[in-house]
Amino acid sequence: MWRSIAAVVAGYLVMALWVMITLSLAWVLLGAEFAFHEGTFGVTAGWMVLNLLMGVIGALLGGWVAALIGRSWGPVKVLVAVVLVLGVLSAVLQRDKPEPPPELEVTTFEAAAYAQQPAWYPWLITAIGAGGTVLGARFRLRPE
């Protein structure tokens, strides 16, 4: 049981850390000009594509780690359920984002809080995360 719990936690941490680190690095290297449309917190297509790519890689890594540690599909299924629940929660809460400040000079984490994405985008990220987790695990385990 402890192995399964460790597999889910480690898989999720790998996903979360990968996405946080790579997108924070992208923010530093590419800047707000790449992430947002000029004068707004509306997210650009380029940033959404980059975010999707980093999300896919993170999901693949997380699924692979969960399969490596858990040695079976059970922990991977739990990790996929966690990704789906958190993704749906995020998509629903997307509607209640805080009103952005008038100034555009914000930290990376503030920018993430104020980012205005299309309503369909969090649902796509959720599906990509769940599918990528399964695919990552398949690199380590045989299909069930």
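Shown above is the structure to which this text applies.
Residues numbered from 1 in each chain as written. Predicted model: local features only at pLDDT ≥ 70, side-chain atom pairs only at ≥ 80, totals over all residues. Heavy atoms only, no water.

## Considerations on the packing of aromatic side chains
Spelled out, the test is: When two rings of Phe, Tyr or Trp (its six-membered ring) have centres within 6.5 Å they constitute a pair, described as stacked for plane angles under 30 degrees, edge-to-face for angles over 60, and tilted for the intermediate range. Put simply, DSSP H or I for four residues or longer makes a helix, DSSP E for two residues or longer makes a strand, and each gets a number counted from the N terminus. Exposure categories follow from relative accessible area, calculated using a 1.4 Å probe and restricted to protein chains: below 20% of the type maximum is buried, above 50% is exposed, and the middle band is partly exposed.
Using the criterion set out here, one finds six aromatic pairs in the structure. Ring centres 5.2 Å apart and planes at 75° place the aromatic pair Phe36 and Phe41 in the edge-to-face group. Between Phe41 and Tyr114 the ring centres are 5.6 Å apart and the planes differ by 55°, which places this aromatic pair in the tilted class. Of this pair, Phe41 sits in the loop between helix 1 (2–35) and helix 2 (45–70) while Tyr114 sits in helix 4 (residues 108–114), placing them 73 residues apart in sequence. Given a relative accessible area of 4%, Phe41 falls into the buried group. We classify Tyr114 as buried; its relative accessible area is 18%.

## As for the packing of helix 3 (residues 73–93) against helix 5 (residues 121–138)
Applicable threshold: Only the stretch in contact is used when a helix axis is fitted, and all axes are lines through C-alpha atoms; the angle between N-to-C directions ranges over 0 to 180 degrees. Any angle from 65 to 115 degrees is called roughly perpendicular, while one under 35 is roughly parallel, one over 145 is roughly antiparallel, and all others are oblique. We call two residues in contact when some of their heavy atoms are within 4.5 Å. Residues were grouped as follows: Ala, Val, Leu, Ile, Met, Phe, Trp, Tyr, Cys and Pro as nonpolar; Asp, Glu, Lys and Arg as charged; and all remaining residues, including Gly, as polar.
For the pair helix 3 and helix 5, the least separation of the axes is 8 Å and the interaxial angle reads 170°. If you check the angle between helix 3 and helix 5, you find them roughly antiparallel. Contact with helix 3, carried on its side by Trp73, Val76, Leu79, Val80, Val83, Leu84, Gly87, Val88, Ala91 and Val92, involves Pro122, Trp123, Thr126, Gly129, Ala130, Thr133, Val134, Ala137 and Arg138 of helix 5 and no other residues of that element. Class assignment for the residues of the contact of helix 3 with helix 5 results in 14 nonpolar, four polar and one charged.

## A closer look at the nonpolar core
Threshold: What we call a nonpolar core is a set of buried Ala, Val, Leu, Ile, Met, Phe, Trp, Tyr and Cys residues that are connected through their side-chain atoms within 4.5 Å.
In this structure, Trp27, Phe36, Val43, Trp47 and Leu50 are the most contacted members of the largest nonpolar core, which totals 17 residues. Residue assignment for this core shows that the elements contributing at least two residues are helix 1, helix 2 and helix 4. Here this core gets five residues from one element, more than from any other, and that element is helix 2. With sequence-adjacent residues up to four places away left out, Phe36 is seen in contact with Trp27, Phe41, Gly42, Val43, Thr44, Ala111 and Ala115. If you look at the next biggest cluster of nonpolar residues, it comprises 13 residues, including Ala59, Val76, Leu79 and Ala137.

## Quick notes on the packing of helix 2 against helix 5
In plain terms, the rule: For a crossing to be left-handed, the near helix must be turned anticlockwise from the far one by less than a right angle; the clockwise case is right-handed.
The contact between helix 2 and helix 5 brings their axes to 7 Å, and the two run at 35°. The handedness of the crossing between helix 2 and helix 5 is right-handed. Of the residues in helix 5, those touching helix 2 at Met48, Asn51, Leu52, Val56, Ala59, Leu60, Gly63, Trp64 and Ala67 are Tyr121, Leu124, Ile125, Ile128, Gly129, Gly132, Thr133, Leu135, Gly136 and Ala137. Residues belonging to the contact of helix 2 with helix 5 are distributed by class as follows: 13 nonpolar, six polar and no charged.

## Things to note about the side chain of Thr126
Looking at the element boundaries, Thr126 is found in helix 5. Not counting residues up to four positions away in its chain, the partners in contact with Thr126 are Val83, Leu84, Gly87 and Val88.

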